[in-house]
Amino acid sequence: MFTSSRWRITVRALVPMSILVSLLAGVTTQGIAATPTIQGAAYGHLKNLMSQYDKAGFSRVVRIGNKATYRTTLSSINVKVDTSLKPLAVYDPNTKTITFSKDPRKVTASESLAFGETCWHELTHAIEDAHGDIGLFDNAAYAERNIDYMTHVARVPLPILQKMEKDALRGVSAAKLEARWRSFVRQIAAASTLPSNREYPPN
Amino acid sequence: MREWFGFQANPEQIKKMYLTNKAFSGTKWARLRAALKGEPLNWTGEWRTNWGMLSLSRSGATVTGAYTHDR
């Protein structure tokens, strides 16, 4: 008959408990590291993108999205990989699925921000879908109006603001800082003139 | 946009932060504060809005505008 007391004695005889715990912990950690889920890997890239301005002073009042909202959305939809897909990724509102053309687990560190932007793009459509405003069946300009606007702001004006802060700390003249600021404001305004935003202003 | 996505990048709010937040009150930020204090936001140009095109121009302390919506 197999009793718990006999089992404990057997374990103690074979392996000291401290070593056993270490072994189990090691197996668990290695297991997670070796086989991340597609979602888990995609979230890593998304987090890199959404955290890229966290160290900037302006991050106190600027953000390219609510990380918790995007993380929750990513965990609530289906994610798959189809290497024959021509676009980088697509979101299907019928099946609530994002299909990536590349496996997020195979994305390199140098590709992470770009892949994170792809995740961000498709998750934005998933969030629109969750609010009953997917728009994919109406026209492309309507469907892309929000993410086009946000992508422009993240790619163009925010890096200008980042440079302005670095220049300020380097002691660059007020005139040059003012020029940076004007450029930033111009580029924020330019987001409203993107092709999709000309037809449909972002929300 | 803010409610759905949590997206936030408002020039007026950013400018206000640089001018009032304690984190930017030190001497190393003095030139930036000077640059922003002397520079009112310039909204001159054509703006696409929910109500059609809005045209704004500024001359000194006066802003003049026109919009296309007529209903």
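In this text the structure is predicted, and so the values were computed from the model without any measurement.

A word on the interface of chain B and chain A. Opposite the 29 residues of chain B that make contact, chain A presents 35 residues. Here the side of chain B that touches chain A takes five residues from helix H3 (residues 30-37) of chain B, the largest share from any one element. Looking at the side of chain B that touches chain A residue by residue, the class counts come to 17 nonpolar, eight polar and four charged. In the sheet, strand S1 (residues 63-64) of chain A pairs with strand S1 (residues 7-8) of chain B via two bridges, with the strands oriented antiparallel. Counterpart to Ile-64 of chain A in the pairing with S1 of chain B is Phe-7 of chain B.

Glancing now at the domain arrangement of chain A. All names here are of chain A. Here chain A is described as being made up of domain 1 (37-137) and domain 2 (138-203). Between domain 1 and domain 2, the C-alpha centre-to-centre distance is 21 Å. Contacts between the two partners involve 12 residues from domain 1, matched on the other side by 11 residues from domain 2. With three residues, the single largest contributor to the side of domain 1 that touches domain 2 is helix H5 (residues 112-130).

Time to look at the environment of Ala-89 of chain A. Along the chain, the position of Ala-89 of chain A falls in strand S3 (residues 89-92). Excluding anything up to four places from it in sequence, Ala-89 of chain A contacts Ile-98, Thr-99, Phe-100, Ser-101, Thr-118 and Glu-122 of chain A.

Quick look at the nonpolar core now. Counting residues in hydrophobic clusters, the biggest one holds 48 residues, and the most contacted among them are Leu-46, Ile-98, Trp-120, Met-150, Val-153 and Trp-181 of chain A together with Leu-32 of chain B. Of the residues that make up this core, three or more belong to each of domain 1 (37-137) and domain 2 (138-203) of chain A. Setting aside chain neighbours within four positions, we find Val-153 of chain A in contact with Leu-158, Ile-188 and Ala-191 of chain A together with Ala-9 of chain B.

A few words now on the sheet that holds strand S2 (residues 45-49) of chain B. Residues and elements named next belong to chain B. The strand order across the open sheet built from three strands is S2-S3-S4, with neighbouring strands paired in antiparallel fashion. Two strands in the sheet have a free side with no partner beyond their single neighbour: S2 and strand S4 (62-67). The average angle at which neighbouring strand axes cross in this sheet is 25°, direction not considered. Note that S2 and strand S3 (residues 52-59) share five bridges and pair antiparallel. Bridge pairing in S3 links Arg-48 to Met-53.

Parameters and conventions
Residues numbered from 1 in each chain as written. Chains lettered and ligands numbered in written order. Predicted model: local features only at pLDDT ≥ 70, side-chain atom pairs only at ≥ 80, totals over all residues. Contact = placed C-beta atoms within 7 Å. Helix = DSSP H or I, 4+ residues; strand = E, 2+ residues; numbered from the N terminus. Nonpolar A, V, L, I, M, F, W, Y, C, P; charged D, E, K, R; others polar. Pairing = 2+ DSSP bridges. Domains from an automatic or database assignment. Core = buried A, V, L, I, M, F, W, Y, C linked by C-beta atoms within 7 Å. Buried ≥ 20, exposed ≤ 12 C-beta atoms within 10 Å, placed from the backbone. Axes fitted to C-alpha atoms, helices over the stretch in contact; angles between N-to-C directions.

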